[in-house]
Amino acid sequence: MISQSETDTAFDPDADRLREECGVFGIYGHADAAALTALGLHALQHRGQEAAGIVSFDGKRFHSERRLGLVGDAFSEASVIDKLKGKQAIGHVRYSTTGETILRNVQPLFAELHGGGFAVAHNGNLTNGLTLRRNLVRDGAIYQSTSDTEVLLHLVARSRKQQFIDRFIEAIRQIEGAYAFVGMTNKKLIGARDPLGIRPLVLGDLDGCPILTSETCALDIIGAKFVREIENGEVVIISETGIESHKPFPPVAERPCIFEYIYFARPDSIVKGRSIYERRKAMGAVLAQEAPTEADVVVPVPDSGVPAALGYAQASGIPFELGIIRNHYVGRTFIEPTQKVRELGVKLKHSANRSVVEGKRIILVDDSIVRGTTSFKIVKMMREAGAKEVHFRISSPPITHPDYYGIDTPDREKLLAATHSLEEMRQFVGADSLAFISVDGLYRAMGHERRDPARPQFTDHCFTGDYPTSLTDMVGESAKQRISLLAEAG
């Protein structure tokens with residue numbers, strides 16, 4: 001069970017949020033490949049803020065820059081971009097879901113293999129990565145990182161196939177879990193998406209130069225056009241002869257991650273023809289239908305709660321107001337030195353707009369509750385600003401299970417919804433009422449009549465416990481090794 005005292009131990013105001021995954025970008029055949037990759041990574045910054053890297057190829061040599069911190073800090077100077085010569089490049093923004101955040105884990109990873117160099121960037125998480133790692137190390141492999149992405153390098157290196165594409169396909173057939181890979185050799189740009197399409201990957205075009213990236217917003221920032229989504233289980237090979245498509249897996253229905261729509265993708269991105277912004281508004285509208293209440297204003301928890309709050313307000317007829325103002329200029333590494341300052345932690349990112357809140361019955365709309373500690377602080381802040389009533393509405397179902405596909409979630413015993421009833425959760429956060437969108441309501445907001453339990457349309461295990469792949473590393477010897485590696489990462 002989560003104790004109320006845990007609200008005093010959160011040093012980071014964002015520690016109670018779902019952590020972003022990672023973002024990938026690659027471009028082939030453009031004279032400004034590295035600069036465009038840096039711009040693409042800027043657009044994907046929301047997917048990872050701990051590190052960024054770019055690898056380019058100039059026809060003879062690979063060039064690499066990998067740095068901790070934000071893209072703007074690492075790649076804003078012309079002198080850095082000038083080092084990344086060549087007409088093809090790949091890049092990565094990272095949040096460390098697997099492996100510690102030190103420079104040796106920053107992607108893209110690179111290795112000299114038989115036949116030439118190979119760089120790879122990865123969004124997602126391999127659920128048998130540690131099992132494969134253990135077996136490879138037993139066979140003599142030497143690892144340079146604790147990232148599961150390095151498994152792919154070793155598998156490709158050990159393949160005895162003659163053609164690189166055959167070696168790459170042989171490698172990905174051995175891995176489980178969720179992935180969107182963007183790789184680069186001295187002749188090719190490669191993209192691959194896991195068989196269920198859990199992690200996103202799209203194909204774009206800029207003046208005849210193909211682009212692979214996680215979201216369409218990275219195409220928009222450089223003026224590129226969207227071509228299509230890479231299909232689930234598809235491998236694309238981009239070279240001077242054009243674009244080849246390979247389907248190395250048996251066809252199955254795709255199950256993209258529902259959290260891309262709820263939380264991770266940028267609101268201006270388009271996923272499977274769906275506007276992320278419009279889907280989030282629809283979630284708020286369904287939430288208003290399922291959990292109405294009398295109130296004076298609808299207040300979003302910024303920034304991620306804004307579209308859902310707009311949808312809730314429009315559907316309910318209750319005015320939308322910015323009752324919380326977010327400060328965008330506070331770094332996540334701020335250290336709060338005393339208990340008194342620690343208690344003020346949420347105000348580093350959020351402050352109450354008293355003129356909107358005071359004396360009002362408010363509906364707070366957010367996209368999720370994880371541990372509940374930040375929700376507790378925000379409700380408390382609203383009451384201190386004079387709110388008459390605080391009704392909390394969440395535009396995702398209760399998160400009851402951890403993720404193993406690239407989202408950094410707490411263990412199940414630390415998830416508030418996994419250990420508390422709805423009434424206990426309401427008491428914990430201190431709201432007058434608390435309600436979540438239902439699972440079927442979420443699916444209705446996505447344009448489906450309901451969730452199909454026999455063939456779910458999305459990967460939604462955080463709400464249902466229905467994991468769509470094997471979780472090899474979660475049992476037996478691999479689970480023990482996982483604990484060991486994560487201890488190093490701490």
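Owing to the predicted nature of the structure, the values given are computational and were not obtained by experimental measurement. Residues take numbers from 1 onward in each chain, read along the sequence in its written order. This being a predicted model, a pLDDT of at least 70 is required before a residue's local features are given, and a value of 80 or more before pairs of side-chain atoms are given or counted; all residues contribute to the totals for chains, interfaces and linings. Note: side-chain values were computed over all heavy atoms of the structure, leaving out hydrogens and water.

> Help me understand the side chain of Ser147 in this model?
The numbering of helices and of strands both runs from the N terminus, where a helix is a DSSP run of H or I of at least 4 residues and a strand a run of E of at least 2. One can find Ser147 in the loop between helix H4 (129-138) and helix H5 (150-158). A residue is classified by how much of its surface remains accessible, and Ser147, at 2% relative accessible area, is buried. In the analysis that follows, any N or O atom pair within 3.5 Å is treated as a polar contact, provided that within protein one partner can donate a hydrogen and the other can accept it, and provided that, for residues neighboring in sequence, both atoms belong to side chains. Side-chain polar atoms of Ser147 contact the backbone nitrogen of Thr149, separated by 3.2 Å. When a residue's accessible area, from a 1.4 Å probe over protein chains only, is under 20% of the maximum for its type it is buried; when over 50% it is exposed; and in between it is partly exposed.

> Would you mind going over the pairing of strand S21 (residues 433-436) with me for this structure?
On a regular strand, one side chain projects to one face of the sheet and the next to the other, so that they alternate. Side chains Ser433 and Ala435 of S21 all project onto a buried face; the interleaved residues Leu434 and Phe436 project onto the opposite face, where all are buried too. With four bridges joining them, strand S20 (residues 389-394) and S21 adopt parallel strand pairing. Bridge pairing in S21 links Arg393 to Ala435. Only strands joined by at least two bridges in the DSSP assignment are considered to pair.

> Explain the sheet that holds strand S13 (residues 242-246) to me, please; I cannot follow it from the model alone.
Hydrogen bonds between backbone groups are what pair the strands of a sheet, and the pairing can be parallel or antiparallel. Spatially, S5-S6-S7-S8-S12-S13 is the arrangement adopted by the six strands of the open sheet, whose pairing is antiparallel. Of all strands in the sheet, those with a lone pairing partner are strand S5 (109-113) and S13, marking the two edges. Between one strand axis and the next, the sheet turns by 20 degrees as a mean value, whatever way the strands run. For strand S12 (residues 235-239) and S13, the ladder comprises five bridges, and the chain directions are antiparallel. Within S13, the residue paired with Ile238 across the bridge is Ile243. Running over the sheet, helix H6 (residues 164-172) touches S5, strand S6 (116-126), strand S7 (177-184), strand S8 (189-193), S12 and S13 and is turned about 155 degrees from S12. The convention used is that axes are lines fitted to C-alpha atoms, helices contributing only their stretch in contact, and that angles between N-to-C directions extend from 0 to 180 degrees. Throughout, a residue-residue contact means that at least one pair of heavy atoms, one from each residue, lies within 4.5 Å.

> Would you take a moment to explain the confidence of the model for the chain for this structure?
Put simply, the chain has an average pLDDT of 90, and 88% of its residues get 70 or more. The predictor reports its confidence for every residue as pLDDT, a score running from 0 up to 100. Across residues 482-490, where pLDDT falls below 50, the model places 13 contacts with residues more than four positions away in sequence or in other chains.

> I would appreciate a short explanation of the sheet that holds strand S9 (residues 202-206) in the present structure.
A sheet is described by the order of its strands in space; here seven strands give the open sequence S3-S2-S4-S1-S10-S9-S11, paired in antiparallel fashion. The open sheet terminates on both sides in strands that have one partner only, identified here as strand S3 (62-68) and strand S11 (225-229). The mean angle between the axes of side-by-side strands here comes to 15 degrees, regardless of whether they run parallel or antiparallel. Looking at chain direction, S9 and S11 are connected through four bridges and run antiparallel. Looking across to S11, one finds that Val202 is bridged to Glu229. In this fold helix H1 (residues 33-43) packs onto strand S1 (22-28), strand S2 (51-57), strand S4 (88-94) and S9, with an angle of close to 25 degrees to the strand it touches most, S4.

> I tried to follow the pattern of salt bridges on my own but got confused; where do I start?
Oppositely charged side chains are able to pair whenever their charged atoms sit close together. Here a salt bridge means any side-chain nitrogen of Lys or Arg lying within 4 Å of a carboxyl oxygen belonging to Asp or Glu. Applying the stated rule across the entire model yields 21 salt bridges. Its salt-bridge partner being Arg450, residue Glu449 comes within 3.1 Å of it at the nearest N-O pair. For Glu449, a relative accessible area of 59% translates into the label exposed. The exposure class of Arg450 is partly exposed, given its relative accessible area of 46%. One salt-bridge network, held together by shared partners, links Arg47, Arg199, Glu215 and Glu260.

> What is the right way to read the packing of aromatic side chains from this model?
Within a pair of aromatic rings, the relevant descriptors are the distance that separates the centres and the angle that separates the planes. To pair, rings of Phe, Tyr and Trp, with the six-membered ring standing in for Trp, must have centres within 6.5 Å; the planes then decide the type, stacked if under 30 degrees apart, edge-to-face if over 60, and tilted in the middle. Inspection of the entire model under this criterion finds twelve aromatic pairs. Between the aromatic rings of Phe118 and Phe168, the centroid separation amounts to 6.4 Å while the plane-to-plane angle is 85 degrees, which identifies the pairing as edge-to-face. Here Phe168 lies in helix H6 and Phe118 lies in strand S6, a separation of 50 residues in the sequence. The residues Phe118 and Phe168 share a single accessibility class, namely buried. Comment: the charge-over-ring label is applied if NZ (Lys) or CZ (Arg) is within 6 Å of the ring centre and within 35 degrees of the ring normal. Above the ring of Tyr143, the side-chain terminus of Arg133 is found at 4.3 Å from the ring centroid.

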